[in-house]
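An overview of the molecular structure
Residue-level listing of the chains:
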Amino acid sequence: MPSTLSESTDPYCLRPGEATELLRAHPWRRFVALGDSVVEGMCEPTPGYPDVQWVDRLAAELRAVRPELAYLNLGRRGLRAHQVRAGQLAPALAAEPDLALVVCGGNDAFHPAYDAEAVDGELTAMIGALRDAGADVVTVGMFDVSHSPAVPEHLRAGLGERMRRLSAHTGRLAARLGTVHVHLTDHPLTADATLYSTDGRHGSARSDAIATAETLRALSRHLAESPRRS
């Protein structure tokens, strides 16, 4: 059943003025995003929600506070984790980011032969290189797309197990490597059909709006816990 909410009335989305308050005087000037279709932007339009994909929305909110912010989105659909590292890490480092988002592994987890340790290795290499270059890194445990009504019933259990394993592994890497981690997998709405697109692989504009809110709140907590940079 379609949601009757809009972003302005959705209790899980940003309130008016909240983004500015969360990011007040943030220090970041160069934002780079690495990943697959989730980063490139494949959300399905939803009435009442902005038709602006998640990472572009993050950049826009960061720029609202610092208009000089440079933004580079390297995300490309269909890539596995090793392809993201091979094709995107070098240009990401060349951009000299002070804030980077890394989201991949979902395409690996869609396959029954998903190798969690191999994906961990690729994520570790990317996060480590970006952290060593001085960037704050954001990682994400994504919504569990196995709840999408478009996923065939006979695939649902296996896909859900792999997506939750990817999320758990990413969360442990985040704790070990010191990233700003956004955990969406256990969000109260993760099983809500309105979060997912009709292709059974991606999210809706509602899920992107919620992901934006959760990411900005995680960045705000990071700022509160970290020494200020000019």
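Not measured: the values here are computed from a predicted model.

Cut-offs applied
Numbers given for residues are sequential positions, taken from 1 along each chain in its written order. Local features in a predicted model are, by the rule used here, given only for residues with pLDDT of at least 70; side-chain atom pairs are given and counted only at 80 or more, and totals for whole chains, interfaces and linings are based on all residues. With hydrogens and water excluded, all non-hydrogen atoms of the structure serve as input to the side-chain values. Numbering goes from the N terminus for both helices and strands, where a helix is a DSSP run of H or I of at least four residues and a strand is a run of E of at least two. As defined in this context, the radius of gyration uses C-alpha atoms, and a globule is described by 2.2 Å times the residue total to the power 0.38. Working definition: with a 1.4 Å probe on protein chains only, accessible area under 20% of the residue-type maximum means buried, over 50% means exposed, and in between means partly exposed. Only heavy atoms enter the contact rule, under which two residues are in contact if any of them lie within 4.5 Å. Working definition of accessibility: Shrake-Rupley area with a 1.4 Å probe, residue cover restricted to the visible protein chains. Whether two aromatic rings pair depends on their centres lying within 6.5 Å, for rings of Phe, Tyr and Trp, where Trp uses its six-membered ring; planes under 30 degrees apart make the pair stacked, over 60 edge-to-face, and the rest tilted. Only lysine NZ and arginine CZ atoms are considered, and such an atom sits over a ring when it is within 6 Å of the ring centre and within 35 degrees of the ring normal. In this scheme, strands are said to pair when DSSP sees at least two bridges between them. To obtain each axis, a line is fitted to C-alpha atoms, and for helices this fit is confined to the stretch in contact; angles are then taken between N-to-C directions over 0 to 180 degrees. Both site types are read off a 1 Å grid over the protein atoms alone. A 1.4 Å probe that fits but cannot get out defines a cavity, while an open set with protein on both sides within 12 Å along at least five of seven lines defines a pocket; lining residues have an atom within 4 Å of a point. Grid points are joined across faces, edges and corners, and a volume is the space filled by probe spheres set on the points. Nonpolar residues are Ala, Val, Leu, Ile, Met, Phe, Trp, Tyr, Cys and Pro. Charged residues are Asp, Glu, Lys and Arg, and all others, Gly as well, are polar. Any Lys or Arg side-chain nitrogen found within 4 Å of a carboxyl oxygen on Asp or Glu counts as a salt bridge. Multiplying 1.5 Å by the residue count of a helix minus one yields the expected span of that helix. The angle between axes fitted to the seven residues ending at a residue and the seven residues starting there is what we call the bend at that residue.

**Considering the overall build of the protein chain**
Scanning the protein chain from terminus to terminus reveals eight helices and five strands. For the protein chain, whose C-alpha radius of gyration is 17 Å, the value lies close to the compact-globule estimate of 17 Å for 230 residues. Across the 230 residues in the protein chain, those meeting the buried criterion constitute 52%. Long-range contacts, defined as pairs at least 24 residues apart, comprise 79% of the intrachain contacts of the protein chain with a sequence gap of at least 6. For the protein chain, the exposed area adds up to about 10200 Å²; of that, 55% sits on carbon and sulfur atoms.

**Some remarks on the packing of aromatic side chains**
This model, assessed by the stated rule, comprises one aromatic pair. Between Phe31 and Tyr71, the aromatic rings sit 5.5 Å apart at their centres with planes inclined by 15°, giving stacked as the arrangement. Taken as a pair, Phe31 in strand 1 (residues 30-35) and Tyr71 in strand 2 (residues 70-73) lie far apart in primary sequence, 40 residues in all. The ring of Phe110 carries the charged tip of Arg201 above its face, separated from the ring centre by 4.0 Å.

**Topic: the sheet that holds strand 1**
Spatial strand order, 2-1-3-4-5: five strands in an open sheet with parallel pairing. The two strands at the open ends of the sheet, each matched to only one other strand, are strand 2 and strand 5 (180-183). Along the sheet, successive strands turn relative to each other by an average axial angle of 15°, direction set aside. Contacts from helix 6 (residues 116-132) reach strand 1, strand 3 (99-103) and strand 4 (136-141) within the one sheet, and its direction differs from that of strand 4 by about 155°.

**Notes on the layout of surface pockets**
In this structure, the largest pocket occupies an estimated 510 Å³ of space. Contributing to the lining of the largest pocket are 34 residues, with Asp36, Val38, Met142, Arg201 and His202 lying nearest its centre. Residue assignment for the lining of the largest pocket shows that the elements contributing at least two residues are helix 2 (37-40), strand 3, helix 5 (106-109), strand 4, helix 7 (153-177) and helix 8 (205-225). Split into classes, the residues belonging to the lining of the largest pocket amount to 18 nonpolar, twelve polar and four charged.

**Some thoughts on the pattern of salt bridges**
Think of it this way: side chains of opposite charge can pair up when their charged atoms draw near. Overall, the coordinates contain 13 salt bridges when judged by the stated rule. Here Asp10 makes a salt bridge to Arg206, at a shortest N to O gap of 2.7 Å. With Asp10 in the segment before helix 1 (18-22) and Arg206 in helix 8, this residue pair connects regions lying 196 residues apart in the sequence. By the burial criterion, Asp10 is buried, and Arg206 matches it. Of the charged contacts in the structure, one is a salt bridge between Asp144 and Arg164, with a shortest N-O distance of 2.9 Å. Placement of Asp144 in the loop between strand 4 and helix 7 and of Arg164 in helix 7 is noted, with a sequence separation of 20 residues between them. A single salt-bridge network, built from bridges that share partners, covers Glu7, Arg57 and Glu61.

**Details of helix 4 (residues 81-94)**
Because the α-helix completes a turn every 3.6 residues, residues three or four places apart line up on one side. Here helix 4 contains 14 residues, and its C-alpha end-to-end distance of 20 Å stays within 8% of the 20 Å for a straight helix at 1.5 Å per residue. The largest bend in helix 4 is about 45°, located at Gln88, with the proline Pro91 one to four residues further on. Within helix 4, the full set of buried residues consists of Ala81, Val84, Gln88, Leu89 and Ala92. Summarising the contacts, the buried residues of helix 4 are in contact with strand 1, helix 5 and helix 6. One or two positions beyond helix 4, positive phi appears at Glu96, with a value near 50°.

**Some remarks on the side chain of Thr194**
With respect to the helices and strands, Thr194 occurs in the loop between strand 5 and helix 8. What makes Thr194 buried here is its relative accessible area of 14%.

**Here's the deal with empty space enclosed by the protein**
Enumeration over the complete set of coordinates arrives at one cavity of 30 Å³ or more. Counted as a void, the largest cavity has a volume near 30 Å³. Around the largest cavity, the lining residues are Phe31, Leu58, Leu62, Leu99, Leu101, Val138, Thr215 and Leu219. Contributions of two or more residues to the lining of the largest cavity are made by helix 3 (54-65), strand 3 and helix 8. The residue makeup of the lining of the largest cavity, split by class, is seven nonpolar, one polar and no charged.

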